[in-house]
Amino acid sequence: MTNAKNLEAVVVDQQMPDVPAHNPTELGGVSVHDKDTAAVQKIHLKDYLAPAYSVEDIYLDIRLFDAYAEVDSVLKMQRQASAAKLGDLVLLGADIELLSLTMNDTVLDAADYRLNSEQLIIPNAPDTVTLNIKVRHQPQKNTALEGLYIAGEGAEAMFVTQCEPEGFRKITFYPDRPDVLATFTTRLEADKKFPTLLANGDLIEAGEVTEDSHRHYTIWRDPIKKPSYLFACVFADLSVLEDSYTTIEGRKVTLEIYAKAHDIDKCDLAMQALKDAMQWDEVHYGRAYDLDRYMIVAVSQFNMGAMENKGLNIFNTACVLASPETTTDARSFSVKAIIAHEYFHNWTGNRITCRDWFQLCLKEGLTVYRDQSFSADQQSPAVQRIDDVATLRAHQFSEDAGPLAHPPRPDSFVEINNFYTTTVYEKGAEIVRMLANTLGDAGYRQGTDTYFERYDGQAVTVEDWLSALSAGDVSVEHFIDWYTQPGTPEVTGKQDFDATTSRLTVTLSQSVRHVDGFAAPKPLPIPIAAAVFDKSSGEILTEQLLMLSEKTQTFEFADVRTVDNLEPVLSLLRDFSAPVQLKYHYSEADLAFLLAHETSGFNQWQNAQALVNQILLQDHNPDVYLTAVKTAFLAVASNESASYDAMLASRLLDIPAERELATAINHDYQPEAMRQKRQALKQKLAQAMAQQWQGLYQQLPIVAYEDTPAARGQRALRNVVLDMAMAADIAEAQDWAKAQYDNASCMTERLGALQAMVHYNHSDKATVLADFYQRFKDEALVIDLWFGVQAGDRHTTVADVSALLEHQDFDWGTPNRIRAVVGNFAAQPTKLWTQEGLAMYTAVVAKLDNTNPVLASRLLQALSRWYTLAEPVRSIAKTQLQQLRESITSKNTQESLQSLLKAG
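Residues numbered from 1 in each chain as written. Predicted model: local features only at pLDDT ≥ 70, side-chain atom pairs only at ≥ 80, totals over all residues. Heavy atoms only, no water.

A. Structural context of the side chain of Asp371. With respect to the secondary-structure elements, Asp371 resides in helix 4 (residues 360-376). Look at Asp371: it is buried, it has no salt bridge, and the nearest opposite charge is Arg433 at 8.2 Å. Apart from residues lying up to four places away in sequence, Asp371 is in contact with Ala337, His341 and Phe344. (Helix = DSSP H or I, 4+ residues; strand = E, 2+ residues; numbered from the N terminus. Buried < 20%, exposed > 50% of the residue type's maximum accessible area, 1.4 Å probe, protein only. Lys, Arg positive; Asp, Glu negative; His and termini not counted. Salt bridge = Lys/Arg side-chain N within 4 Å of Asp/Glu carboxyl O. Contact = heavy atoms within 4.5 Å.)

B. Structural detail: the environment of Thr488. Relative to the helices and strands, Thr488 resides in the loop between helix 8 (480-484) and strand 27 (490-498). Of the residues examined, Thr488 reaches a relative accessible area of 16% and is grouped as buried. Taking the C-alpha atoms as reference, Thr488 lies 30 Å from Cys319; in sequence the two are 169 residues apart. Engagement of the side chain of Thr488 in a polar contact is seen with the side chain of Asp400, the distance being 2.8 Å. (Polar contact = N/O pair within 3.5 Å; in protein donor to acceptor, adjacent residues only side chain to side chain.)

C. Local environment of the sheet that holds strand 28 (residues 503-511). On the basis of which strands lie adjacent, the open sheet formed by four strands has the order 31-28-27-33 and mixed pairing. On the outer flanks of this sheet lie strand 31 (552-557) and strand 33 (581-584), each paired with one strand and no other. Sheet twist, expressed as the mean angle between neighbouring strand axes with direction ignored, is 25°. Pairing geometry for strand 28 and strand 31, over six bridges, is antiparallel. (Pairing = 2+ DSSP bridges. Axes fitted to C-alpha atoms, helices over the stretch in contact; angles between N-to-C directions.)

D. Broad picture of the packing of helix 15 (residues 690-698) against helix 16 (residues 709-727). It is at 9 Å that the axes of helix 15 and helix 16 come closest, and there the two elements cross at 150°. The angle between helix 15 and helix 16 places the two elements in the roughly antiparallel class. Helix-helix and strand crossings are classified by hand; for helix 15 and helix 16 the assignment is left-handed. Judged by residue contacts, Trp693, Leu696 and Tyr697 of helix 15 engage Arg718, Val721, Leu722, Met724 and Ala725 from helix 16. Looking at the contact of helix 15 with helix 16, its residues break down into seven nonpolar, no polar and one charged. (Parallel < 35°, antiparallel > 145°, perpendicular 65-115°, else oblique. Left-handed = near helix turned anticlockwise from the far one by under 90°. Nonpolar A, V, L, I, M, F, W, Y, C, P; charged D, E, K, R; others polar.)

Here it is, written out as structure tokens:
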């Protein structure tokens, strides 16, 4: 599943969900959440027990009516050899009404079982069981977007499922945990006003209901065993885009993307991305698709980005629909990556799944790494690495630095939905990247081949993954500590050069903060890619991968012969070889040298970022940075340069966002002071190249739209140049912005101009906002952008954002729309961290807690750094959080709030 972080930055396009609530018997008597007693307690990895019963096969009959749904299920179950004889048979269920229960053809009455708000328990069940269960529930009233729920209203309404992690128990009673794998046969029945009836697997029958000619049915069979979280079904009226793909094994696969009729023309890019991903996985991992049909369904009301249900992916519309007129380049490229991510899950998540939800990082971290690698093959690898690392630093480093810090594999939780985090996803991917780089290309491929061969059809752990990768000559099992230890390591160091012996000695040390509730941190194996540069020639003298595995280590580079015997410059953490904070003793001159001479665009960007951090966090003079970054930028920004790379140029001038910078400040954080420092640096940067902006903008004219890396780079650079020209107060830039808005060939150009005009208070700001709304008022995803630009405007007040929440087009039932407003507001620390801003924001969280607790909890986590604020704002924030405690009831939001309050 693609997490919501992929949507967070999309709304303004500045760049941009597993252990269920096990029953107490299975977890050694630990109560997870008993609504009857309002107790909220943790479950722990150490208490894991294998399921007492397996499910060999399940037959589902889901009948949808106007006011409710009825579900008949037949479960064929077998007690496991490891389970105690004559123990309880425990099924999980929530928000459903039990109508009847039969076991081995015997009808059970209330005295034969125990039923509470979360469990159905049959005492002393036999070894072999066939259960017939009939339940009823109301998806029409399900606002949590879990289980079977309604999406949309009126003629646009459809019914879809979201079962990861604990949604299937809202459909029927079942051992809803990822280590119970079964084959599924599903019958769907509904009124013919829902002509589209889809479920996992292959369609084996369809027809009209004999007793009622207004109703029809379909029957689907998935022959491959899967856990319940991968179940999906859809009742809708949708159009379909069809295509096909023939695998390397000769299987012809029907490909279908379903969307509303008015959106079907926006599915072509996703279809091509799907075929590209299928081929890429065959080439790079040897994995072919295993069913005759692959379906994707676009849904507007969806908490996450997308879900990899076996053969029937459910996608947030923002992650599948794309067209040049309505979608920015950044969003379109993200669509390709997310399509690939969910497809890659077919093997890393579906065929091989998690033993328990503590292992979530196993399927998600691995699959994120796979989709990042795929994306790097679709554009400049350097730019892809920049984007991946920028996301990690902006979001995961912040998570690690605060009260929400947790290991990629947590050892306990109250609500697993709270752990679909950047630590699980993005840091999980960085761990896989370290493993791949340590093993080398051949060793990593041998390891993944062993993983697929050894564990296909099983539910496994992180230890199983590391064991498979270690099947060759190199063991990586010691990397387990990366999965179990929280916090971002900090690497410091120094160097000594002996010119007489030509020997460079480098001493590196690692440390990580001790996170409360966890054991004292241990040294980790940290691979640090290094290169030694000759200071005179700028040439690389030697390259090496240093493995820092102790608290402090010394490494030697022998025979380092430099021109004029000058001390060489050492480049460390090249290509971001490990997810650490590097605090090496670099001078400004050394960083400027590396910015000029590094051979990788990513490494250039990384050194530019280091210089920016010295200025904004250590109050260094900006002159060295301004000169160095100007030279590096112009070398790749001019189309007359041999090293012209427009996309890289668009990234080189990045200045970290205020909330990313704030993660380095642990007390007395003053948002307004940081905003002013950041703005002043941007102003100086813009003015330092004031003479170049016009020429650069003119060499980037608006031309007919093309979806190529080069064309995307030019559009990205044009928007950067426009923004910088307006920051430099170049008078003509006001006209450039209006002309670009009026003549745009695509959404990237139009939105770039709109953002600039809004941000710099253009005289036509109100006019273009009104025009944008009128042009795109029927395009929900574009109106999300319209909301987001305004909510993120530095001139917008809290009252303005409150008004957006009252706008006729604002929809509390659509997470995309909520994130567009509330997410972009929260990205402005100077607005969020005020009495008014916090009051509005916590009111939104309290409101959503009653309807969509998953989303409420995620939004609340944006306040995790409250305790670092300077007074009096710190006390104001604490009071708001304490007051929120009286307004929330869900365990999702309660767990997040409890974690936040522990920090202060």
